[in-house]
Amino acid sequence: MSSHNKFTGFVGTYTKGDSKGIYSFTLDTENKKISEVKVAAELENPTYVAISNDNQYLYSVIKEGEQGGVAAYSILENSGTLERKNIQLLPGSSPCHVSVDSGNHFVLSANYHKGNISAYLTNKDGGIHPAYSVIELQGSGPSERQEKPHTHYSGFTPDEKYAVVVDLGIDKLITYKLDDENLTEVSSLSVKPGSGPRHLEFHPNGKYAYLMTELSSEVIALEYHEEDGSFKELQYISAIPEDFTENSQGSAIHVSSDGRFVYAANRGHDSIAVFSINQESGKLTFIEHTSTEGSWPRDFILDPTEKFLVASNQESGNLVLYVRDTETGKLSLLQSDVAVPYPVCVKFLNY
């Protein structure tokens, strides 16, 4: 699958234009370049993917006809190709986000259009059983895009006792107790009305979390209380310059595993904002913006060494490779001409 300097990544896409489905690529950290882009699996609109901790399985969003759901794939070793296990579909729009827990037991999906989350159990060969819990969210917000719930993220707390759901339509972060029978709400946090929260990442110490907003293009620093699954707001900080007045929408957010930096992407401003984390307070200080060398950066990911970062520009159809200064957090461009049509999500195998 990899020598120590070659890492396999996967890209989820919108299957319009030339796009066929999920793509794989190789990052060569010695030669500092991305190559070997190829189709890993053909399916419709696999916009988001998640990879099991043991690198055995990949779970993807999928659309089929008038239905949408989650597909399970085996990751074939040393090949960057995928073999379908099974799919689970529900009527209506497909989800926008999927995640899997560390034990490869639970798969969660969030559905933007339907404003709900679905929880699935996996079987022994990595396939997925039908959804055992589907939770419909309720409410609305002040923005014209908040006429109803628009669930954008469903993931796990660091101890995996809870599922955390982010809803852009109702400006809420909701925590659910996770078990095989159902999901039970234990806590919720309403953030600034109209901010439109989108994606969440935890600090490696488990005490803080960082929430990217889509509508207000801010990062919200949060304190996380693992005993009851609750969150508390610490800070709001803009991810775009104050004088930028054109359309920009926040997208992905990631935290470096040393817990020192937060990265957040802006679609419209077409940049990645870099912040440093105060280890005592969890609060952020803005460092710099880096251009994504393309249009509409939907996602990005730190590579397994965290010395590199790969971003995906949805509308210009290119992956961009940066080298990351692990001391300052700053990014320097290496390569911006890697063609992948309508890329949405980027994930690496775990090394």
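Here is what the cut-offs are and how they apply
All residue numbers here refer to positions counted from 1 along the written sequence of the relevant chain. Local features in this predicted model are restricted to residues of pLDDT 70 or higher, and side-chain atom pairs are both shown and tallied only at a pLDDT of 80 or more, whereas totals for entire chains, interfaces and linings draw on every residue. Remark: hydrogens and water are excluded; side-chain values derive from all non-hydrogen atoms of the structure. Strand pairing requires that DSSP identify at least two bridges connecting the strands. For helices the rule is a DSSP run of H or I covering at least 4 residues; for strands it is a run of E covering at least 2, with both sets numbered from the N terminus onward. The angle between two axes is taken between their N-to-C directions and runs from 0 to 180 degrees, where each axis is a line fitted to C-alpha atoms and a helix contributes only its stretch in contact. Note on definitions: salt bridges are taken to be side-chain nitrogens of Lys or Arg within 4 Å of carboxyl oxygens of Asp or Glu. For each residue, the accessible area found with a 1.4 Å probe, counting protein chains only, is set against the maximum for its type, and the residue is called buried under 20%, exposed over 50%, and partly exposed in between. Side-chain atoms alone can form a polar contact between residues adjacent in sequence; in general such a contact is a pair of N or O atoms within 3.5 Å, and within protein one must be able to donate a hydrogen while the other accepts it. Should any heavy atoms of two residues lie within 4.5 Å, those residues are considered in contact. Aromatic pairs are defined between Phe, Tyr and Trp rings, using the six-membered ring for Trp, whenever the two ring centres lie within 6.5 Å; interplanar angles under 30 degrees are classed as stacked, those over 60 as edge-to-face, and all others as tilted. Note on criteria: charge over ring means Lys NZ or Arg CZ within 6 Å of the ring centre, with the direction from the centre no more than 35 degrees off the ring normal. The term disulfide is used for any two cysteine sulfur atoms that are within 2.5 Å. Among the buried residues, those of types Ala, Val, Leu, Ile, Met, Phe, Trp, Tyr and Cys that are joined through side-chain atoms within 4.5 Å form a nonpolar core.

(A) Expanded view of the sheet that holds strand β23 (residues 284-291). The 4 strands lie next to each other as β20-β21-β22-β23, forming an open sheet whose pairing is antiparallel. Of all the strands in the sheet, the pair left with one neighbour each is β20 (249-255) and β23. When the angles between neighbouring strand axes are averaged without regard to direction, this sheet yields 25°.

(B) Quick look at the sheet that holds strand β24 (residues 297-302). Taken together, the 4 strands give an open sheet; going across it, the order is β24-β25-β26-β27, and neighbouring strands pair in antiparallel fashion. Whereas interior strands pair on both sides, the edge strands pair on one side only; in this sheet they are β24 and β27 (331-339). Taking each pair of neighbouring strands and ignoring which way they run, the sheet shows an average axis angle of 20°. Relative to strand β25 (residues 308-313), β24 runs antiparallel, the two sharing 5 bridges. When the sheet's bridge partners are listed, P297 is paired in β25 with N313.

(C) Focus on the pattern of salt bridges. Applying the stated criterion across every chain, the model contains 9 salt bridges. With a shortest N-O distance of 3.2 Å, R267 and E214 are connected by a salt bridge. With R267 in strand β21 (residues 261-267) and E214 in the loop between β17 (208-213) and β18 (218-225), this residue pair connects regions lying 53 residues apart in the sequence. A single burial state applies to R267 and to E214, both of which are buried. Through salt bridges with shared partners, a single ionic network connects R145, R198, E214 and R267.

(D) Local environment of the side chain of E214. On the basis of relative accessibility, which here comes to 3%, the residue E214 falls in the buried class. For E214, the side chain forms a polar contact with the side chain of R267, separated by 3.2 Å. Every residue in contact with E214, bar those within four places of it in the chain, is listed here: R145, H152, L168, S195, G196, R198, S248, Q249, G250 and R267.

(E) Summary view of the packing of aromatic side chains. Following the criterion strictly, the structure yields 6 aromatic pairs and no others. Ring plane angle 40° and centroid distance 5.9 Å describe the contact between F202 and F231, whose orientation is recorded as tilted. On the criterion of sequence distance, the pair formed by F202 in strand β16 (residues 197-202) and F231 in strand β19 (residues 230-238) is long-range, its members being 29 residues apart. Per residue, the accessibility class of F202 equals that of F231, and both read buried. Among the aromatic residues, those joined into a ring-pair cluster are F202, Y224 and F231. Over the ring of Y14 we find K16; its NZ or CZ atom is 5.3 Å from the centre of that ring.

(F) Focus on the pairing of β18. With respect to burial, β18 is a largely interior element, 6 of its 8 residues being buried. Sheet topology places β17 next to β18; 5 bridges connect them, and they run antiparallel. Of the residues in β18, the one forming a bridge with M212 is V219. Between β17 and β18, which pair antiparallel and follow one another directly, the connecting turn spans 4 residues, one of which, S217, has a positive phi of 50°. Sheet topology note: the β18/β19 ladder contains 8 bridges and is antiparallel. Each residue of the ladder has a partner; that of E223, found in β19, is K232. The loop that links β18 with its antiparallel partner β19 comprises 4 residues; one of these, G229, has a positive phi angle of about 75°.

(G) Main features of the state of the cysteines. Enumeration over the complete set of coordinates arrives at 0 disulfides. Between C345, a cysteine without a disulfide, and C96, which holds the nearest cysteine sulfur, the sulfur-to-sulfur distance is 11 Å.

(H) Geometry of the nonpolar core. One finds F10, I22, L58, Y59, L82, V98 and V107 to be the most contacted residues of the largest nonpolar core, which totals 28 residues. Discounting chain neighbours no more than four positions away, the residues touching I22 are F10, V11, K38, V39, A40, A41, L43, P46, V49, L58, S60 and L82. Counting residues in each nonpolar core, the second largest holds 16 residues, with A110, I135, L137 and Y176 among its members.

(I) Expanded view of the side chain of R198. Of note, R198 is situated in strand β16. In terms of polar contacts, R198 uses its side chain to reach the side chain of H152, at 2.8 Å. A polar side-chain atom of R198 sits 3.3 Å from the main-chain carbonyl oxygen of S251. With residues up to four places along the chain from it excluded, the contact list for R198 reads H152, Y153, V166, M212, T213, E214, G250, S251, R267 and R298.

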